[in-house]
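Coordinates in review
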Amino acid sequence: EKASEARKKSAARERWCQVEHDGVKGWVLGRFLAEGSAPEPEPKLQQQAAQPAPPVAPPAQNVSPSFDCAKAEKNWEKLACADNELAAIDREAARLYALASEALNATPGFEQLLDSQSKWRGQLVTCFDRECVSEVMVRRVHQLRRDHKEARAQDGKGISMGPLVARCDGFPIPVAVTYVNSDPGFAYLEWMDGFVVMPHTPSGSGARYEGSFARFHTQGESGLLLIPGGKAEMNCKLEKSG
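Residues numbered from 1 in each chain as written. Predicted model: local features only at pLDDT ≥ 70, side-chain atom pairs only at ≥ 80, totals over all residues. Heavy atoms only, no water.

Quick notes on the sheet that holds strand E8 (residues 214-219)
Strand order in this closed barrel of eight strands is E3-E4-E5-E6-E7-E8-E9-E10, and the pairing throughout is antiparallel. Sheet twist, expressed as the mean angle between neighbouring strand axes with direction ignored, is 30°. Bridge count between strand E5 (residues 186-191) and strand E6 (residues 194-201): six bridges; the pairing is antiparallel. Note that in E6 the partner of Trp191 across the bridge is Gly194. In this fold helix H4 (residues 84-104) packs onto strand E3 (160-168), strand E4 (175-180) and E5, with an angle of close to 90° to the strand it touches most, E3. (Pairing = 2+ DSSP bridges. Helix = DSSP H or I, 4+ residues; strand = E, 2+ residues; numbered from the N terminus. Axes fitted to C-alpha atoms, helices over the stretch in contact; angles between N-to-C directions. Contact = heavy atoms within 4.5 Å.)

Okay, here's the thing in structure tokens:
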């Protein structure tokens, strides 16, 4: 208490101070230290605010079909208005039809397109459950893509692709494959007078479709296919259709 300021500063420089850093304790000569104040810990609320919030999935948005649901009378129309996936497939079928119709307008092929569209609507009228409606809609998407190259002109704006060609070991003819990437989606396979519509199912790798005693599991340009009535899965190679 009686020492001068100079003496106090000199004594402070010669004292030893205990320090701790990263769990290691030791002693440091005071001359190598500067006196200050320890940083105050941030409040818990601030620490929580600094952490990034976990991603939150956006709420599912309603998808409207290609027609006015306020005027829906037929059973398939009501089903499509109440089901986002059916509505999305209907919109895709309408988009493909519009592309084909614009290209064929006032040509001999236009009447055939109108006739096929009328038959498709007639098939939908006979459907009274979701499975039937989805099968008829997915098949129509395939038919439009298969028969009209104009319908494949703007694939970036739609949810369908194909038809691809699957050449399978032990199967004498190629299989046409069309995908409809709704949520969760479908694969349509057609060969000679046979066809099958398979919904997408969860898979650890690649894409897997199952339904109607059939399976189709693809990974890249390869796939395993079991058709209805088949005894074993066939190894297949996928390629673009001509």
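Additional details are given in the paragraphs that follow.
A short note on the packing of H4 against helix H6 (residues 130-147)
Closest axis-to-axis distance for the H4/H6 pair is 9 Å, and the angle between their directions is 25°. Between H4 and H6, the angle is such that the two are roughly parallel. Crossing angle aside, the handedness with which H4 passes H6 is left-handed. Listed contacts from H6 to Glu85, Leu86, Ile89, Asp90, Glu92, Ala93, Leu96 and Tyr97 of H4 are Arg130, Val133, Ser134, Met137, Val138, Arg140, Val141, Leu144 and Arg145. Residue composition of the contact of H4 with H6, grouped by class: 10 nonpolar, one polar and six charged. (Parallel < 35°, antiparallel > 145°, perpendicular 65-115°, else oblique. Left-handed = near helix turned anticlockwise from the far one by under 90°. Nonpolar A, V, L, I, M, F, W, Y, C, P; charged D, E, K, R; others polar.)

Description of the pattern of salt bridges
This model, assessed by the stated rule, comprises 10 salt bridges. Residue Arg145 pairs with Asp155 through a salt bridge whose shortest N-O separation is 2.7 Å. On the criterion of sequence distance, the pair formed by Arg145 in helix H6 and Asp155 in the loop between H6 and E3 is long-range, its members being 10 residues apart. Classification of Arg145 by relative accessible area gives buried; the value is 1%. Where Glu190 meets Arg146, a salt bridge forms, and the shortest distance between an N and an O atom there is 3.0 Å. Here Glu190 is found in strand E5, whereas its partner Arg146 is found in helix H6, with 44 residues between them in sequence. Relative accessible area serves as the criterion here: at 16%, Glu190 is assigned to the buried category. (Salt bridge = Lys/Arg side-chain N within 4 Å of Asp/Glu carboxyl O. Buried < 20%, exposed > 50% of the residue type's maximum accessible area, 1.4 Å probe, protein only.)

Side note on the packing of aromatic side chains
Scanning the entire structure with this criterion turns up three aromatic pairs. Aromatic side chains Phe67 and Trp76 sit 5.4 Å apart centroid to centroid with 75° between the ring planes, which places their arrangement in the edge-to-face category. The exposure class of Trp76 is buried, given its relative accessible area of 3%. Between Tyr188 and Phe195, the aromatic rings sit 5.7 Å apart at their centres with planes inclined by 15°, giving stacked as the arrangement. (Phe/Tyr/Trp six-rings, centres within 6.5 Å; stacked < 30°, edge-to-face > 60°.)

Observations regarding the nonpolar core
If you look at the biggest cluster of nonpolar residues, it comprises 25 residues, and the most contacted ones within it are Ile89, Leu113, Leu124, Val133, Met137 and Val138. Listed by contribution, the elements that provide at least two residues to this core are helix H3 (75-81), H4, helix H5 (109-125), H6 and E5. With seven residues, the single largest contributor to this core is H4. Not counting chain neighbours up to four residues away, the residues in contact with Leu124 comprise Trp76, Val133, Val136 and Met137. Leu164, Ala187, Tyr209 and Ala214 belong to the second largest nonpolar core, which has 21 residues in total. (Core = buried A, V, L, I, M, F, W, Y, C linked by side-chain atoms within 4.5 Å.)

A closer look at the side chain of Glu77
Turning to its location among the elements, Glu77 is positioned in helix H3. One buried charged residue, Glu77, forms no salt bridge at all, with the nearest opposite charge on Lys74 at 4.6 Å. Excluding anything up to four places from it in sequence, Glu77 contacts Phe67, Lys71 and Ala72. (Lys, Arg positive; Asp, Glu negative; His and termini not counted.)

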